[in-house]
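Here are the chains, one letter per residue:
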Amino acid sequence: YGPHMKADILVVDDDVSVRRSLTKLLAAVGYRPTAAASSRAGLEHAAKLRPDLILIDMHMPQMSGIDAARAFKADSMLGRVPMIAMSAKSPPCDFEPLLVSFLLKPMSSTQLFAAIERALPR
């Protein structure tokens, strides 16, 4: 699936089945996924891991994906990491400048891999 195999991808989603299926799918094609069950956990993992890409659910309890995306962008070490938002609902209109792409759940593996390839730097 392209030149970005071995990229570290952080999956942030409060739904355990989504986290599990995405990490299995990403690992199966050669990416190195790490999963976080909340926005706060995602921020902690990202600070340690410094991922190449963040896949983040927009609608999570406590801290929304939008707030987490703002926190990622404000961080000097993580501000340039591309983010792809995921949601079963339409995207909020004010999130666009924070993200590279938006995927509506459920998404196909083809849609996911195409978004990842677009998001990762060449």
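Here's what I pulled together on the structure shown here.

Criteria and thresholds
Residues numbered from 1 in each chain as written. Predicted model: local features only at pLDDT ≥ 70, side-chain atom pairs only at ≥ 80, totals over all residues. Heavy atoms only, no water. Helix = DSSP H or I, 4+ residues; strand = E, 2+ residues; numbered from the N terminus. Phe/Tyr/Trp six-rings, centres within 6.5 Å; stacked < 30°, edge-to-face > 60°. Buried < 20%, exposed > 50% of the residue type's maximum accessible area, 1.4 Å probe, protein only. Salt bridge = Lys/Arg side-chain N within 4 Å of Asp/Glu carboxyl O.

This paragraph deals with unusual backbone geometry. With omega at -10°, the peptide bond leading from K105 into P106 counts as cis. By secondary structure assignment, the location of P106 is in the loop between β5 (101–104) and α4 (109–119). You will see that R50, though not glycine, has its phi angle at about 50°, which is positive. With respect to the helices and strands, the residue R50 is situated in the loop between α2 (39–49) and β3 (53–57).

Moving on, we get to the packing of aromatic side chains. Per the counting criterion, the structure on display carries one aromatic pair. Centre to centre, the rings of Y31 and F113 are 6.4 Å apart; their planes meet at 25°, and the pair counts as stacked. Here the residue Y31 occupies a position in the loop between α1 (16–28) and β2 (32–36), and F113 occupies one in helix α4, the gap between them amounting to 82 residues. Here Y31 matches F113 in class, with each residue buried.

Here we come to the pattern of salt bridges. Within the structure shown, the criterion is met by four salt bridges. As a salt-bridge pair, R32 and D8 come within 2.8 Å of each other at their nearest N and O atoms. Taken together, the positions of R32 in strand β2 and D8 in strand β1 (residues 8–12) put the pair 24 residues apart, joining distant regions of the chain. We classify R32 as partly exposed; its relative accessible area is 41%. Judged by relative accessible area, which is 16%, D8 ranks as buried.

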